[in-house]
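Observations on the model geometry
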Amino acid sequence: MNAPVENRTARRHTSATKTVLVNIAGFVAVIMWGLSFISTKILLENGMGPVEIYIYRFVIAYFLIVLISHKRWMSHSWRDEGLFALCGLTSGALYFIAENTALEYTLVQNVSLLTALSPLITAMLVGLLYANERPGSGMIIGSVIAFAGVVCVILNGASSLEVHPIGDLLSIAAAFSWSVYSLILRRLSANYDSWFMTRKTFFYGIICALPFLFFSHTLSNPLDLVHNTDVVVNLLFLGLGASLIGYLLWSVTVKYLGAVKANNFMYFQMIVTLIASNLILGEAITWIGVFGCALIIGGLIAGDVLTRRSVQKSNS
């Protein structure tokens, strides 16, 4: 008589454990990407160009993942192969090249703020494409509060927010590109495992970036890079940590949480960047930065609580 009850309890416990692990995966991925801003800045200061930084990090990640995932090379169909190519284009070539190039034209604060628009853009795209999955009022309210926190974090220690159209437009393009990638990844995750999706994304990301490299004005000598400890360490972090581990964890997060909820983790990227810039670069953290962090965390919690209450009311 008690067996069905025990089975349901066990399933709920397993589901709760999986949810916790998936959320941890999302946090770790965002921590990697928050730190990647610092590494990218260091590489730019060492004379590397935005395109070659991206290509080097993805080449490192691709060869590492091939050592682990190499049993299957092709997708189920040419249509899926085309979608993987779009993943490589949107999450790799377009996103990182646009973001890295934007850093050369505008303030780091501007780039961080505008690329953080990705969760809101993702929510809007999902609402347009899937009528039955339009974001509820709770998620919208939470996202707005969290984005207000992002603004505070970016304004941390800044007396003014300068406007540089080229860099700012590139930053917005990067945010839109990442949102498109998340939606495509969500569709592919139903039929492929995380290792396969990540490897495919890296491969097509490298292929799509090669034309950009041809037009790049900056190309470092690989022998010079090897003898520069700062360059080697930061490239390895970007390739192994931010790319390989980060993308694997992100594909798991999107698969189990969905594109909209997963992208809300991106707001925490600003907190990581804020703390890292203080510890590594010595940049000051002001009260507005701390207030912004509180708004980000509070917005995400508020969105989750309000969404759950809405679901409970609709089910009752």
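The structure under discussion appears in the preceding block.
Everything quoted here is computed from the prediction, not taken from an experiment.

Here we look at the overall build of the protein chain
The number of helices and strands found in the protein chain is 13 helices and zero strands. In the protein chain, the succession of helices and strands from N to C terminus is α-α-α-α-α-α-α-α-α-α-α-α-α. The long-range fraction of contacts in the protein chain, counting pairs at least 24 apart against all pairs at least 6 apart in sequence, stands at 89%.

Considerations on the pattern of salt bridges
Where charged atoms from two side chains of opposite charge come close, those side chains can pair. Tallied over the full model, the rule gives one salt bridge. The salt bridge partner of Lys200 is Glu81, with a shortest N-O separation of 2.5 Å. Of this pair, Lys200 sits in helix α8 (residues 194–214) while Glu81 is found in helix α3 (residues 78–105), placing the two residues 119 residues apart along the sequence. Across the pair, Glu81 and Lys200 agree in class, each one buried.

Considering empty space enclosed by the protein
Enumeration over the complete set of coordinates arrives at one cavity of 30 Å³ or more. The computed volume of the largest cavity comes to approximately 70 Å³. In this structure, the largest cavity is lined by Trp33, Ser36, Phe37, Tyr95, Phe96, Glu99, Trp178, Met266 and Gln269. Mapped by element, the contributors of at least two residues to the lining of the largest cavity are α1 (3–45) and α3.

As for the environment of Leu236
Position of Leu236 relative to the elements: it lies in helix α10 (residues 229–257). Along the chain, Leu236 and Ile60 lie 176 residues apart, while their C-alpha atoms are 7.5 Å from each other.

A closer look at the nonpolar core
Among soluble globular proteins, nonpolar side chains are generally buried collectively. Residues Trp33, Tyr54, Trp178, Leu188, Phe202, Tyr247 and Trp250 are the most contacted members of the largest nonpolar core, which totals 78 residues. Those residues within four positions of Trp178 in sequence are excluded, and the remaining contacts are Trp33, Thr90, Ser91, Tyr95, Ser118, Tyr247, Trp250, Asn263 and Met266.

Some points on the packing of aromatic side chains
Aromatic ring pairs are reported here in terms of the distance separating the ring centres and the angle at which the planes meet. A complete count under the given rule lists 23 aromatic pairs for this structure. Plain terms: the ring middles of Phe84 and Phe196 are 5.6 Å apart, the flat faces sit at 80° to each other, and that makes the pair edge-to-face. Taken together, the residues Phe84 in helix α3 and Phe196 in helix α8 connect sequence positions 112 residues apart. Looking at Phe84, the relative accessible area reads 0%, which means it is buried. Judged by its relative accessible area of 3%, Phe196 is buried.

Here's the deal with the packing of α3 against α8
For any two helices packed against each other, one specifies the crossing angle of their axes together with the interaxial distance. Between α3 and α8, the shortest axis-to-axis distance is 7 Å and the interhelical angle comes to 60°. The angle between α3 and α8 falls in the class oblique. Note on packing geometry: the crossing formed by α3 with α8 is right-handed. When α3 is examined against α8, the residues Glu81, Phe84, Ala85, Cys87, Gly88, Leu89, Ser91, Ala93, Leu94 and Ile97 are found in contact with a partner set consisting of Phe196, Met197, Lys200, Thr201, Tyr204, Gly205, Cys208, Ala209 and Phe212. Residues of the contact of α3 with α8, tallied by class, amount to 13 nonpolar, four polar and two charged.

Digging into the side chain of Thr198
Considering the arrangement of structural elements, one finds Thr198 in helix α8. At a separation of 2.7 Å, a polar atom in the side chain of Thr198 contacts the main-chain carbonyl oxygen of Ser194. Here Thr198 is in contact with Ile65, Leu244, Tyr247, Leu248 and Ser251, once residues within four sequence places are set aside.

What about the side chain of Lys200?
A relative accessible area of 6% places Lys200 in the buried class. Beyond its immediate sequence surroundings of up to four residues, Lys200 is in contact with Trp73, Met74, Ser75, Glu81 and Phe84.

Description of a nonpolar patch on the surface
Together, Val20, Leu21, Ile24, Val28, Leu64, Leu67, Ile68, Trp195, Leu240 and Ile245 make up a nonpolar patch on the protein surface, roughly 870 Å² of accessible area in all. Top element by residues in the nonpolar patch is α1. It accounts for four residues. One can find Val20 in helix α1.

Notes on the environment of Asn191
Along the chain, the position of Asn191 falls in the loop between α7 (165–188) and α8. The spatial distance from the C-alpha of Asn191 to the C-alpha of His76 is 8.7 Å, given a sequence separation of 115 residues.

What about the packing of helix α2 (residues 50–68) against α8?
The N-to-C vectors of α2 and α8 enclose an angle of 150°; their axes lie 9 Å apart at closest approach. For the element pair α2 / α8, the angle class is roughly antiparallel. Read as a crossing pair, α2 and α8 show a hand that is left-handed. Between α2 and α8, the residues in contact are Val51, Glu52, Tyr54, Ile55, Phe58, Val59, Ala61, Tyr62, Ile65, Val66 and Ile68 and Trp195, Thr198, Arg199, Thr201, Phe202, Phe203, Gly205, Ile206, Ala209, Leu210, Phe212 and Leu213, respectively. Looking at the contact of α2 with α8 residue by residue, the classes come out as 18 nonpolar, three polar and two charged.

Reading the values: the criteria
Residues numbered from 1 in each chain as written. Predicted model: local features only at pLDDT ≥ 70, side-chain atom pairs only at ≥ 80, totals over all residues. Heavy atoms only, no water. Helix = DSSP H or I, 4+ residues; strand = E, 2+ residues; numbered from the N terminus. Contact = heavy atoms within 4.5 Å. Salt bridge = Lys/Arg side-chain N within 4 Å of Asp/Glu carboxyl O. Buried < 20%, exposed > 50% of the residue type's maximum accessible area, 1.4 Å probe, protein only. 1 Å grid on protein atoms, 1.4 Å probe; cavity = no way out; pocket = protein on both sides within 12 Å on 5 of 7 lines; lining within 4 Å. Points joined across faces, edges and corners; volume = space filled by probe spheres on them. Core = buried A, V, L, I, M, F, W, Y, C linked by side-chain atoms within 4.5 Å. Phe/Tyr/Trp six-rings, centres within 6.5 Å; stacked < 30°, edge-to-face > 60°. Axes fitted to C-alpha atoms, helices over the stretch in contact; angles between N-to-C directions. Parallel < 35°, antiparallel > 145°, perpendicular 65-115°, else oblique. Left-handed = near helix turned anticlockwise from the far one by under 90°. Nonpolar A, V, L, I, M, F, W, Y, C, P; charged D, E, K, R; others polar. Polar contact = N/O pair within 3.5 Å; in protein donor to acceptor, adjacent residues only side chain to side chain. Patch = residues over 30% accessible without salt bridge, like charges linked within 9 Å, V, L, I, M, F, W, Y side chains within 5 Å. Areas by Shrake-Rupley, 256 points an atom, 1.4 Å probe, with all protein chains shown as cover.

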